[in-house]
Amino acid sequence: MSIKDLQLKAIGPDLAAVLPNDDTPWYKKPHLLRLNFCLFCLFLFSSANGYDGSMMNGLQALPQWHKFMQSPTGAWLGFVNAVQSLGALVCYPAVAWSNNRFGRKKSIAVGYFWIVLGTALQTAAQSPTMFVLGRLFIGGASAFFGISAAVLITETAYPTHRATFTALSNCGWYIGSLLAAWVTYGSRNYASDGAWRIPSLLQVAVPLVAFSGFCITPESPRWLTSMKRFDETRSFLIKYHAGGDESSALAEFEFQEITKTIALEAEIAKTASYLDMIRTEGNRHRSFISVTLGIFSQWNGVGVVSYYLAPVLQTVGVTSVTHQTLISGFLQVWNLVIAVGAAFSVDYVGRRKLFMTSCLGMLVSFTVVSALSGSFATTGVAATGVAVVPFLFLFSGFFDIAFTPLLFSYLCEIWPYNLRARGVSLGLSATQLAVFFNIFVNPIALEAIQWKYYIVYCVILVIITLTIWFCYPETIGHSLEEMCEIFDNANAVVPGQLSMQDSIAKGRHSTEESKEVQVEQVV
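Here is what the cut-offs are and how they apply
- Residues numbered from 1 in each chain as written.
- Predicted model: local features only at pLDDT ≥ 70, side-chain atom pairs only at ≥ 80, totals over all residues.
- Heavy atoms only, no water.
- Helix = DSSP H or I, 4+ residues; strand = E, 2+ residues; numbered from the N terminus.
- Areas by Shrake-Rupley, 256 points an atom, 1.4 Å probe, with all protein chains shown as cover.
- Contact = heavy atoms within 4.5 Å.
- Phe/Tyr/Trp six-rings, centres within 6.5 Å; stacked < 30°, edge-to-face > 60°.
- Buried < 20%, exposed > 50% of the residue type's maximum accessible area, 1.4 Å probe, protein only.
- Lys NZ or Arg CZ within 6 Å of the ring centre and 35° of its normal.
- Core = buried A, V, L, I, M, F, W, Y, C linked by side-chain atoms within 4.5 Å.
- Axes fitted to C-alpha atoms, helices over the stretch in contact; angles between N-to-C directions.
- Parallel < 35°, antiparallel > 145°, perpendicular 65-115°, else oblique.
- Left-handed = near helix turned anticlockwise from the far one by under 90°.
- Nonpolar A, V, L, I, M, F, W, Y, C, P; charged D, E, K, R; others polar.
- pLDDT = per-residue confidence, 0-100.

This part takes up the overall build of the protein. The secondary structure content of the protein amounts to 28 helices and zero strands. Taken as a whole, the protein presents about 21,000 Å² of accessible surface, with 67% of it coming from carbon and sulfur.

Now the structure itself:
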């Protein structure tokens with residue numbers, strides 16, 4: 001498939017028709033190189049959440065941490081892990097409001113305040129309560145980083161790069177988890193509390209690396225338009241999408257599409273609210289997808305592998321701290337490679353194929369994990385327990401194919417501008433509720449019924465697969481403003497698209513009139 005064919009498939013014929021007619025790669029265009037550097041830094045913000053999950057996984061394998069935390073088990077261990085999700089959940093409504101009121105960039109800046117405060121409290125903790133409080137504030141950082149960065153990436157990316165960069169926005173999770181896993185592995189032999197304080201301190205590392213790119217990242221042109229700052233919107237499109245060409249057909253097309261679509265949305269709903277998310281059939285469909293995708297992303301067994309890998313490995317005979325942290329470290333490398341590869345394939349393969357491959361693969365691999373774990377519990381054969389490890393890698397890989405890249409990108413692209421931040425907030429609220437429930441319940445269930453608990457997730461995976469098959473539409477080939485054609489009306493006309501079609505039609509009409517005049521003059 002040629003590059004032009006791929007562009008046509010990814011963004012549709014109307015937008016593809018106004019793209020620059022050249023074969024110069026993006027990395028040789030200074031304006032796209034600068035923009036994509038900014039977007040790369042934004043995708044690193046999801047590392048805060050990934051670092052937390054992997055760090056807590058690693059800390060549970062450290063005797064030093066268990067001694068400091070007074071050997072937490074059962075419900076208390078579940079709460080220690082889940083409190084980060086509670087902090088994020090509480091902040092989500094404020095994040096959505098902040099994004100619409102103050103913009104995407106300023107909302108990300110608020111996340112820095114929470115990550116520094118939470119990291120300081122957690123690292124310097126003098127009691128389990130102080131450690132837990134630090135985790136609560138880190139949850140606030142995850143909320144502000146997660147929604148704001150994902151939406152900003154979606155709304156600023158170059159049209160042919162949007163799907164890939166938005167899919168990458170959640171892959172930063174594994175940048176954080178990779179760093180945490182190997183830092184925990186490296187500090188495991190420290191006799192002092194440094195074994196867990198060093199990983200806690202480095203929780204702020206990746207957001208600090210991303211800070212330089214964040215500072216030069218432009219504000220969303222769609223948010224600027226909603227604030228009636230049209231000159232800034234046009235300037236953004238000309239500078240970052242057209243390379244300074246003020247006569248660019250692409251910049252004009254995007255400007256018309258963005259301004260007229262947002263104006264129409266504002267006319268329909270003068271003040272958008274959460275009730276708008278259920279007032280129309282299309283928005284009810286979007287809300288259903290947001291809630292179910294948020295829940296499905298956690299109730300598929302990944303919560304057990306992400307936060308309780310150490311206890312899971314213990315149930316199959318892998319009890320060495322070195323082996324547990326080493327497996328966790330390599331698992332994060334595997335996750336990152338698969339997730340990034342899947343993110344780059346969204347415009348080649350499509351969303352539905354990724355979802356279905358992910359679901360069926362997780363179902364098969366987790367079923368095998370359940371069977372092998374049950375066999376080990378019955379026979380005690382070490383080889384059977386070790387065989388669980390590669391299937392845990394397979395399960396994680398299939399999860400990464402869809403639920404890592406598409407959790408943010410699918411939510412961001414299905415919602416119209418005026419409800420986008422709220423829609424993503426709804427989906428991530430469902431995610432954090434599922435995480436909180438999972439993390440709180442998982443240690444209790446694992447302690448009570450051990451491997452039999454995995455069967456529950458096998459049943460849930462069947463439900464997830466059927467729901468996605470029947471209810472999740474394909475979105476490839478549509479711009480953000482064109483998603484209404486999928487959810488609201490098969491014959492919906494995108495305002496900006498209509499304006500451009502009128503302009504083209506007028507141009508053709510003028511050309512025909514000119515030709516007629518020339519013919520008359522010749523005669």
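From this point, the discussion proceeds with the structure in view.
Further remarks concern the side chain of Thr164. In this structure, Thr164 sits in helix α9 (residues 162-168). Ignoring any residue separated from it by four or fewer positions in sequence, one finds Thr164 in contact with Ala343, Phe344 and Val346.

Let us now look at the packing of aromatic side chains. Scanning all chains against the criterion turns up 28 aromatic pairs. Here the aromatic rings of Trp173 and Tyr174 are separated by 5.1 Å at their centres, their planes lie at 70°, and the arrangement is edge-to-face. We classify Tyr174 as buried; its relative accessible area is 5%. Here Phe366 and Phe395 contribute two aromatic rings whose centre-to-centre distance is 4.9 Å and whose plane-to-plane angle is 45°, an arrangement assigned as tilted. One end of the pair, Phe366, is in helix α21 (residues 351-379); the other, Phe395, is in helix α23 (residues 388-402), and 29 residues separate them in sequence. Feature note: the residues Phe45, Tyr112, Phe145, Phe211 and Phe214 constitute an aromatic cluster, connected by ring pairs. Here the basic side chain of Lys105 rests over the ring of Phe214, its NZ or CZ set 5.3 Å away from the ring centre. The ring of Tyr185 has Arg188 lying over it, and the distance from NZ or CZ to the ring centre is 4.0 Å.

A word on the nonpolar core. Counting residues in hydrophobic clusters, the biggest one holds 101 residues, and the most contacted among them are Phe45, Phe355, Phe403 and Ile468. Tallying contributions element by element places helix α8 (residues 128-156) first for this core, with 11 residues. Grouped together as the second largest cluster of nonpolar side chains are 18 residues, Tyr51, Met55, Phe131 and Ala180 included.

Now for the environment of Ala120. With respect to the helices, strands and loops of the structure, Ala120 is situated in helix α7 (residues 104-123). A sequence separation of 84 residues divides Ala120 from Val204, and the C-alpha atoms of the two residues are 9.3 Å apart.

For the pair helix α3 (residues 30-43) and α8, the least separation of the axes is 9 Å and the interaxial angle reads 160°. As far as their axial angle goes, α8 and α3 are roughly antiparallel. Regarding α3 and α8, the two cross each other, and that crossing is left-handed. In this structure, α3 uses Leu35, Leu39, Leu42 and Phe43 to contact α8, whose residues at the interface are Ala149, Leu152, Ile153 and Thr156. A per-class count over the contact of α3 with α8 returns seven nonpolar, one polar and no charged.

Time to look at unusual backbone geometry. Positive phi outside glycine occurs at Ser71, with the angle close to 50°. If you trace the backbone, Ser71 turns up in the loop between α5 (63-68) and α6 (74-102). Even without a glycine there, the phi angle at Lys228 is positive, about 65°. Tracing the backbone through its elements, the reader meets Lys228 in the loop between α13 (221-226) and α14 (230-241). A relative accessible area of 64% places Lys228 in the exposed class.

Here the focus is the confidence of the model for the protein. For the protein, the mean per-residue pLDDT works out to 83, and 87% of the residues sit at or above 70. No element of the protein has a lower mean pLDDT than helix α28 (residues 495-522), at 44, and none a higher one than α14, at 95. Within the model, the stretch residues 503-523 combines pLDDT values under 50 with zero contacts to residues more than four positions away or in other chains.

This part takes up the environment of Arg104. With respect to the secondary-structure elements, Arg104 resides in helix α7. Accessibility expressed as a relative area gives 0% for Arg104, which makes it buried. Sequence separation between Arg104 and Ile147 is 43 residues, and the spatial gap between their C-alpha atoms is 8.8 Å. Setting aside residues no more than four positions away along its own chain, Arg104 makes contact with Asn99, Ser148, Val151, Leu152, Glu155, Glu219, Ser220, Trp223 and Tyr417.

Looking now at helix α11 (residues 194-201). Within α11, six of the eight residues are buried, which leaves the element mostly enclosed by the surrounding structure. Taken as a whole, α11 has its buried residues at Gly194, Ala195, Trp196, Arg197, Pro199 and Ser200. Packed against the buried residues of α11 are α4 (47-59), α5, α7, α8 and α10 (172-187).

Two numbers describe a pair of packed helices, the interaxial angle and the distance between the axes. Contact geometry for helix α19 (residues 321-343) and α23: axes closest at 8 Å, N-to-C directions at 30°. On the basis of the axis angle, α19 is roughly parallel to α23. Our pair here, α19 against α23, has a crossing hand that is right-handed. Contact with α19, carried on its side by Ile327, Phe330, Leu331, Trp334, Asn335, Ile338, Ala339 and Ala342, involves Val389, Leu392, Phe393, Ser396, Gly397, Asp400 and Ile401 of α23 and no other residues of that element. Among the residues making up the contact of α19 with α23, the classes are represented as 11 nonpolar, three polar and one charged.

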